[in-house]
Structures are given as C-alpha cells and as structure tokens.
Amino acid sequence: MQSLITVLGIVIKSEPVKEFDRRLVILTRERGKITVFARGARRQNNRFLATTTPFCFGEFVLFPGSSAYSLSDANITCYFEEIRDDFEKMLYGMYFLELADYYTRENKEDADLLKLLYQSLKVLGLETFPNPFVRAVYEIKMIMCNGEFKGIPEGEDLRGIEKVLRYLWTEKPEKVYSFLLSNEMTKELIDVANRARKESIDKTMHSLQMLEDLI
C-alpha cells in the first residue's frame, strides 16, 4: 500500500466531475503538473470546498493512484484574494494559470515554473506594477524557461529592451520583477511579448481572449 505524499503547489485548473467531486490540476514543486481528484469537494460545507479552486497555493496531502492522485488533506497558505476581488486582475490571473497549464507537462518536475507563476500572481495583486507590464514579463520569462524565445528581430532598434531581455534571461524566476520601466519602454516590452507569444504558442487561450475583450 502506497503512503501519502505531501507536495507544495498551486491549483491551476478545477472542474466538476460526477455529482459532487472535483478534478484538479495542480502545479507542484516536487512532481510538476499532476491530476488530483477531490472527492465530495462540491458538497456544501465540505472541508475541501474552498481549498480546491484556482489560485489556491499551499501544501496538498495526496494518495497516489495508478494514473492520478486523490486529495487527503490541504493546508492553503495563500488564496490570492487581491486577484479574486478584482475582475480585471482575475482575468490576468486566469490567463497566467492557463499559460502555465500549456507549458507544463504531467509529472515532469519544474520548480522554476511554479516559482515564476507564484511570484507573478503575488506581483499582480499589488498596485506597484501595471498589469500589462506583469503580463509581458511573465510571458517572456515563461517562453524563455521553455527555450522558445527567439529574441528581437534583426533591424529593430530596441537597444534599451535588449538590456531588459538579458536581465530576464539570466535572473531567477522569483526575482524578475525587480525593476520598473518608463511608459515607452513598457510598450516596447509588451510588443516583444506579443510577438514572442504568437511565435511560440499555437493554442487559443480562452482567458486571453476574454482579457483582451475587456481591455
């Protein structure tokens, strides 16, 4: 009989299954992206009702199965209330989760992507950085982490952004929000991020469509 395991992670997807259960996708530090079933989590007053929704970050105690895990317990340390309480930030956050789901693979450990997602959501909840700036940094660093960033096309005069891109390339994911840019350079960075996303991602991001319809 397999023992329970404890992982640190964030719920990036939650969907109903059967009458009262939930199927979760959790990005974890120890085992990468995993599928977890939370039995009875949609029942009123169930102890997992609030801890099995997107953005929940903390420790999850799991029972390993043949192809998925079952949730035994959860200790949530961050719900990202600042994002949940702001409709625009929530759309940005849902896009961040969807992009993380796109780039991660089942049971492939990648602690850096969890760090990047967590830090991006924490910064998104602040008022220090404009939301489009956070999105651009997150997109570029995510694409860099997966080795798909193609750089600035030849012939474009973006010398200031080149320094920013070198910083994002070399800096650890949890430290990529250690700078601010002028409005003009922020626009240039957003343009670079948009181009990189279109070159690297071949999937329609529904949360991104909703976000762009709003802004």
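Further up the page is the structure itself.
Undergrad: Please give an account of unusual backbone geometry that cites residues and values.
TA: Notably, N45 is not glycine yet its phi reads approximately 70 degrees, a positive angle. Counting through the fold element by element, N45 comes out in the loop between β3 (32-38) and β4 (57-64). Assessed through its relative accessible area of 71%, N45 is described here as exposed.

Undergrad: Can you break down the pairing of β4 residue by residue, with the values?
TA: Across six bridges, the pairing between strand β1 (residues 5-17) and β4 is antiparallel. Among the inter-strand pairings, G9 is bridged to a residue of β4, identified as G58. Pairing of β4 with strand β5 (residues 69-78), which is carried by eight bridges, proceeds in the antiparallel orientation. Across the sheet, V61 pairs through a bridge with D73, a residue of β5. Between β4 and β5, which pair antiparallel one after the other, the connecting turn spans four residues.

Undergrad: Describe the side chain of T52, and please don't skip the residues or the numbers.
TA: Mapped onto the fold, T52 is located in the loop between β3 and β4. There is a polar contact of 2.7 Å between the side chain of T52 and the backbone oxygen of F48. Setting aside residues no more than four positions away along its own chain, T52 makes contact with V11, S14, R22, L24, A38, A41 and L71.

Undergrad: Can you explain the nonpolar core? Please cite residues and give values.
TA: Ranked by size, the top nonpolar core spans 54 residues in total, and within it I10, L117, L121 and L189 carry the most contacts. For this core, the elements supplying multiple residues, two or more each, are β1, β2 (21-28), α2 (87-103), α3 (111-124), α4 (131-145), α5 (159-170), α6 (183-200) and α7 (206-214). Residues within four places of L189 in sequence aside, it is in contact with F133, A136, V137, I140, I161, V164, L165 and L181.

Undergrad: Help me get a handle on α4, residues and values and all.
TA: Structurally, the α-helix is built with 3.6 residues per turn, so residues lying three or four positions apart point the same way. Compared with the 21 Å implied by 1.5 Å per residue over 15 residues, the 21 Å span of α4 between its first and last C-alpha is a close match. Of all 15 residues in α4, 13 are buried; the element is thus mostly enclosed. Looking one or two residues past α4, G147 carries a phi angle of roughly 70 degrees, positive in sign.

Undergrad: For the sheet that holds β5, give the residues involved together with the corresponding values.
TA: Read around the closed barrel, five strands run β1-β2-β3-β5-β4, paired in mixed fashion. When the angles between neighbouring strand axes are averaged without regard to direction, this sheet yields 45 degrees. Against the sheet, α3 touches β1, β2, β4 and β5, its axis set at about 70 degrees to β1.

Cut-offs and rules
- Residues numbered from 1 in each chain as written.
- Predicted model: local features only at pLDDT ≥ 70, side-chain atom pairs only at ≥ 80, totals over all residues.
- Heavy atoms only, no water.
- Helix = DSSP H or I, 4+ residues; strand = E, 2+ residues; numbered from the N terminus.
- Buried < 20%, exposed > 50% of the residue type's maximum accessible area, 1.4 Å probe, protein only.
- Pairing = 2+ DSSP bridges.
- Polar contact = N/O pair within 3.5 Å; in protein donor to acceptor, adjacent residues only side chain to side chain.
- Contact = heavy atoms within 4.5 Å.
- Core = buried A, V, L, I, M, F, W, Y, C linked by side-chain atoms within 4.5 Å.
- Expected span 1.5 Å × (residues − 1).
- Axes fitted to C-alpha atoms, helices over the stretch in contact; angles between N-to-C directions.

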